Amino acid sequence: MQKLVLAVVCALAAGPSLANDPNIVAIADTCNSCHGINGVSAGLTMPSIAGQNKDYLQRVLLEQKKGERYTTIMDRFMKNISDEEIAALAQYFAAKEWVPATVAVEMTQANQGRQVLRKTCQNCHGEKGDKNSGDVPRLAGQWPGYIRLETFKYVDRTFTAKKPSERMAEKVHNLTENEHSAVAHFLGTRK
Ligand code: HEC
Ligand code: HEC
């Protein structure tokens, strides 16, 4: 019995090395056809996933798989991927370097966006929008078009699917259209 427990513990401990498994690399390559080479998106509304924290990636992918999270397309891809493979994929992409989006700064918008970040987002997302741990993904350097699409889900009253974060919904649903675009722009210009 003890041996069996030990074997299970070892199998679990061995799990992480799956990230280098050719099978995982092959699955990751299918992700890259949308998310960009090595998970670095070429824009404009597609999120970069390389360098996001492992816990966030793993949770989101599991939620997508189980249909517990609104997605346009991701649920279809995740359906056939096992929970172990999801853990390995999360580790694979988390270990990659974060590469910021390339966005030309528009000063007026950026200044307004900085204020919105300070007032409304920084408590959870960090002073620079670069907090990247636990349930929060990095926003600094993410594509503004994608950030905007995500925040629409929090403000659009006709969008009735479960909001990924009810706590965030409470804070952001009163912002104006301009404030949302400005903060998305500002975050996108961060490195
Ligand atoms: C056909 C294009 C496509 C493929 C292939 C694809 N994705 Fe996605 N992914 C998207 C889109 C679009 C979104 C934005 C959410 C949505 O609308 O579903 C997204 C969202 C995500 C998110 C959430 C990002 C965030 O910051 O919250 C993660 C994580 C993710 N994908 C990982 C993966 C992984 C891992 C794979 C491969 C197993 C994959 N995707 C394959 C299109 C794709
Ligand atoms: C009360 C805490 C809180 C506040 C305030 C908050 N957020 Fe969030 N935010 C979260 C959490 C938690 C998540 C992860 C939820 C999830 O997707 O599962 C998140 C996710 C996001 C995402 C999705 C990221 C991705 O990669 O898919 C965007 C975009 C975002 N927040 C933008 C903002 C902006 C812009 C503000 C300020 C206007 C803001 N948030 C304020 C907690 C917060």
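Residues numbered from 1 in each chain as written. Chains lettered and ligands numbered in written order. Predicted model: local features only at pLDDT ≥ 70, side-chain atom pairs only at ≥ 80, totals over all residues. Heavy atoms only, no water.

**Student:** Sorry if this is basic, but what is going on with the packing of helix 2 (residues 22-35) against helix 5 (residues 83-94) here?
**Tutor:** Two numbers describe a pair of packed helices, the interaxial angle and the distance between the axes. Helix 5 packs onto helix 2 with a crossing angle of 70 degrees between their chain directions and a minimal axis gap of 10 Å. Comparing the axis directions of helix 2 and helix 5 gives the class roughly perpendicular. The interaxial crossing formed by helix 2 with helix 5 has right-handed handedness. Taking contact as the criterion, the partners of Asn23, Ile24, Val25, Ile27, Ala28, Cys31 and Asn32 in helix 2 are, on helix 5, Glu85, Ala88, Leu89, Tyr92 and Phe93. Here the contact of helix 2 with helix 5 is composed, by residue class, of nine nonpolar, two polar and one charged. (Axes fitted to C-alpha atoms, helices over the stretch in contact; angles between N-to-C directions. Helix = DSSP H or I, 4+ residues; strand = E, 2+ residues; numbered from the N terminus. Parallel < 35°, antiparallel > 145°, perpendicular 65-115°, else oblique. Left-handed = near helix turned anticlockwise from the far one by under 90°. Contact = heavy atoms within 4.5 Å. Nonpolar A, V, L, I, M, F, W, Y, C, P; charged D, E, K, R; others polar.)

**Student:** What is the right way to read the coordination of the iron atom of ligand 1 from this model?
**Tutor:** Distances from the iron atom of ligand 1 to its protein donors, His35 (NE2) and Met74 (SD), fall within 2.0 to 2.1 Å. Taken together, the six donor atoms coordinating the iron atom of ligand 1 span angles of 83 to 178 degrees at the metal, a pattern that classifies the geometry as octahedral. Of this pair, histidine 35 sits in helix 2 while methionine 74 sits in helix 4 (residues 74-78), placing them 39 residues apart in sequence. Using a relative accessible area of 9% as the deciding quantity, one classes histidine 35 as buried. (Donors = N, O, S within 2.8 Å, 3.2 Å for Na, K, Ca; no water. Tetrahedral: all angles 85-135°; square planar, octahedral: opposite > 155°, others 65-115°. Buried < 20%, exposed > 50% of the residue type's maximum accessible area, 1.4 Å probe, protein only.)

**Student:** Just to check I follow, could you spell out the site of ligand 2 for this structure?
**Tutor:** The environment of ligand 2 is made up of 23 residues, and the closest members are Cys121, Cys124, His125, Tyr146 and Met168. A distance of 2.9 Å separates an oxygen atom of ligand 2 from a polar atom in the side chain of arginine 59. Separating an oxygen atom of ligand 2 from a side-chain N or O atom of tyrosine 146 is a distance of 2.7 Å. Mapped by element, the contributors of at least two residues to the shell around ligand 2 are helix 3 (54-65), helix 6 (107-125), helix 7 (144-155) and helix 8 (166-172). For the shell around ligand 2, the class distribution of residues is 13 nonpolar, four polar and six charged. Split by domain, the shell around ligand 2 shows at least three residues from each of two domains, domain 1 (2-94) and domain 2 (107-189). (Near = heavy atom within 4 Å. Polar contact = N/O pair within 3.5 Å; in protein donor to acceptor, adjacent residues only side chain to side chain. Domains from an automatic or database assignment.)

**Student:** Looking at this model, I keep getting lost on the coordination of the iron atom of ligand 2. Mind explaining?
**Tutor:** In ideal tetrahedral geometry, four donors around a metal make angles of 109.5 degrees, whereas ideal octahedral geometry with six donors gives angles of 90 or 180 degrees. Looking at the metal site, the iron atom of ligand 2 is ligated by His125 (NE2) and Met168 (SD), spaced 2.0 to 2.1 Å from it. Residue histidine 125 is classed as buried on the basis of its relative accessible area, which comes to 11%. Under the relative-accessibility criterion, methionine 168 is labelled partly exposed at 23%.

**Student:** Hey, could you run me through the site of ligand 1 in this one?
**Tutor:** Residues in close proximity to ligand 1 total 20 residues, the closest being Cys31, Cys34, His35, Tyr56 and Met74. Interatomic distance of 3.2 Å between a side-chain N/O atom of tyrosine 146 and an oxygen atom of ligand 1. Within the residue set of the shell around ligand 1, elements represented by two or more residues are helix 2, helix 3 and helix 4. No other element matches the five residues that helix 3 contributes to the shell around ligand 1. Of the residues that constitute the shell around ligand 1, the class distribution is 15 nonpolar, five polar and no charged.

**Student:** Would you mind going over the nonpolar core with me for this structure?
**Tutor:** Soluble globular proteins tend to bury their nonpolar side chains together. Leu89 and Phe93 are the most contacted members of the largest nonpolar core, which totals 20 residues. No other element matches the six residues that helix 5 contributes to this core. Not counting the four nearest positions on each side in its chain, phenylalanine 93 is found in contact with Ala28, Cys31, Asn32, Asn38, Gly39, Ile49, Ala50, Gly51 and Leu57. One finds Leu117, Cys121, Ile147 and Leu187 within the second-largest nonpolar core, a separate group that totals 14 residues. (Core = buried A, V, L, I, M, F, W, Y, C linked by side-chain atoms within 4.5 Å.)

**Student:** Help me out: how do you make sense of the side chain of asparagine 53 in this one?
**Tutor:** Along the chain, asparagine 53 falls in the loop between helix 2 and helix 3. We classify asparagine 53 as buried; its relative accessible area is 10%. Among the polar contacts made by the side chain of asparagine 53, one reaches the main-chain carbonyl oxygen of valine 136 at a distance of 3.0 Å. Excluding its chain neighbours within four sequence positions, the residues that come into contact with asparagine 53 are Ala94, Asn132, Ser133, Gly134, Val136 and Pro137.

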